[in-house]
Amino acid sequence: MPKQVLVTGGAGFIGSNFVRYLLQTDPEVTIINLDALTYAGSLENLNDLPDPARHHFIHGDICDRPLVDRLFHEYAIDTVVHFAAESHVDRSILGPGQFIQTNIIGTFTLLEAARQAWLTEKTVPIEQVRFHHVSTDEVFGSLAPEDPAFTESTPYAPRSPYSASKAASDHLVRAYHHTYGLPVTLSNCSNNYGPYQYPEKLIPLMILNALHGKDLPVYGDGKQVRDWLYVVDHCEAIWRVVTGGQSGETYNIGGGNQPTNLEVVHTLCDILDELAPTSPHRPHRNLIRFVQDRPGHDRRYAMDITKIGHELGWRPRMSLTTGLLETVRWYLDHPDWIEAVRKGSDLQKWLERNYAQRGGNP
Ligand code: NAD
Ligand code: DAU
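The name an unreviewed UniProt entry assigns to the protein is dTDP-glucose 4,6-dehydratase, from the organism Anaerolinea thermolimosa. The Sequence similarities (unreviewed entry) comment attached to the protein in UniProt states, word for word, "Belongs to the NAD(P)-dependent epimerase/dehydratase family. dTDP-glucose dehydratase subfamily." Under the UniProt heading Cofactor (unreviewed entry), the note attached to the protein is "NAD(+)".

## Things to note about the packing of aromatic side chains
Here the structure, examined in full by the defined rule, presents 17 aromatic pairs. Note on Tyr219 and Tyr355: the rings are 6.3 Å apart at their centroids and 40° apart in plane angle, and the pair reads as tilted. Of this pair, Tyr219 sits in strand S8 (residues 216–219) while Tyr355 sits in helix H12 (residues 347–356); the two residues are 136 residues apart in sequence, bridging distant segments of the chain. Like Tyr219, the residue Tyr355 is buried in the burial classification.

## Considering the sheet that holds strand S1 (residues 4–8)
With parallel pairing, the seven strands of this open sheet are ordered in space as S3-S2-S1-S4-S5-S6-S10. Only two strands of the sheet have a single neighbouring strand rather than two, namely strand S3 (55–59) and strand S10 (250–253). Each strand of the sheet is rotated relative to its neighbour by a mean of 20°, with strand direction disregarded. The pairing of strand S4 (residues 79–82) with strand S5 (residues 130–136) spans four bridges and is classified as parallel.

## Examining the UniProt feature "domain: NAD(P)-binding" (unreviewed entry) in the protein
The positions UniProt marks with the feature "domain: NAD(P)-binding" (unreviewed entry) are residues 6–325. Here residues 6–325 is 39% helix and 15% strand, with 32 Å between the C-alpha atoms at its ends.

Parameters and conventions
- Residues numbered from 1 in each chain as written.
- Chains lettered and ligands numbered in written order.
- Predicted model: local features only at pLDDT ≥ 70, side-chain atom pairs only at ≥ 80, totals over all residues.
- Heavy atoms only, no water.
- UniProt positions renumbered as here; feature names shortened; annotations may be inferred.
- Phe/Tyr/Trp six-rings, centres within 6.5 Å; stacked < 30°, edge-to-face > 60°.
- Helix = DSSP H or I, 4+ residues; strand = E, 2+ residues; numbered from the N terminus.
- Buried < 20%, exposed > 50% of the residue type's maximum accessible area, 1.4 Å probe, protein only.
- Pairing = 2+ DSSP bridges.
- Axes fitted to C-alpha atoms, helices over the stretch in contact; angles between N-to-C directions.

Here is the structure:
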């Protein structure tokens, strides 16, 4: 069983939820959390961790090979759970360079360090090691309404700089397994939502804008479909794969939900109408504004999660209705987190840049 776990990107949205989940779930594990604290990462996401003595935060870059080598040795790392990435599709359209650096070169750097430590220097017995790579459903491209959901054998067809960089990193991870025998697993997951999500992404952005009476910018016709998954369900699935998945295998993870973006935004507005009855901006649906579409916008994603269900007994627990309600509640209950994240990042500048060109007014 894993003991010394290097989590990359553990100050980001999913990574910080994973750190919290793992400290709660597995009393044997020590976490070494390597994060560069880009605009998307924040120590505010790691406040109030359960059993914080088992969590070591390292401020650093996954592309820094000497640093990564040192961590493998100093902490006798036996397991890597690799979240660190540039994750926002819109940013990859306006500036793809950092996506190539972090998502491809960063993954390559970690793989090389793992190969050196585990296969050459044998710092830990090979039967005890695992490199888990967290990827996305976006590598499979876009579905038409009548298409079946993506399976693990759907051919790759990434269509944005973000998804192309994730596809490249997936291929590298598989290549290190086939060529060098590095023990790896991969998971490809659909859209996550829940606490600590940076408010550039659809759901937190809509909640915060609605609360402040700002426009709710819906791209194109709003009929794009995403397969929403509550983030804690994702964390549970990843840990199942790390501890029970077959080396060399890939597992799809998804929520089994396929609302249109507009339906999601309507639901959030209705929840806010109820939870914020004194809001001067009710009904919040009046704030919706259709803006220029994302270039190359994928129309629909959907995940077939049969494999992880059969092999590892995982399925999502949270319904979308309850999950969205919980999420809105969480943002309403955490104004300090919102303020700290706003102050510590480029959020307002980014929103102005992104929505100015779309005809929106964030
Ligand atoms: P995020 O943008 O919220 O967090 C990314 C984290 O990585 C941040 O803490 C950031 O500081 C850190 N980071 C970035 N570059 C780094 C570098 N060079 N070195 C070290 N740390 C660095 O992302 P997220 O939404 O939590 O996504 C995490 C992972 O899950 C990503 O690999 C993403 O591709 C994948 N994923 C995300 C979703 C989703 O819906 N959010 C769905 C499927 C897969
Ligand atoms: O599918 C998994 C992917 O989900 C992850 O790999 C990515 O890291 C993650 O960012 C997410 O990508 P999306 O592009 O789907 O997420 P985003 O929240 O940016 O957008 C969700 C949908 O909402 C998408 O169809 C675009 C649309 N949208 C988004 C924003 C920010 C809007 O209509 N308006 C907006 O303001």
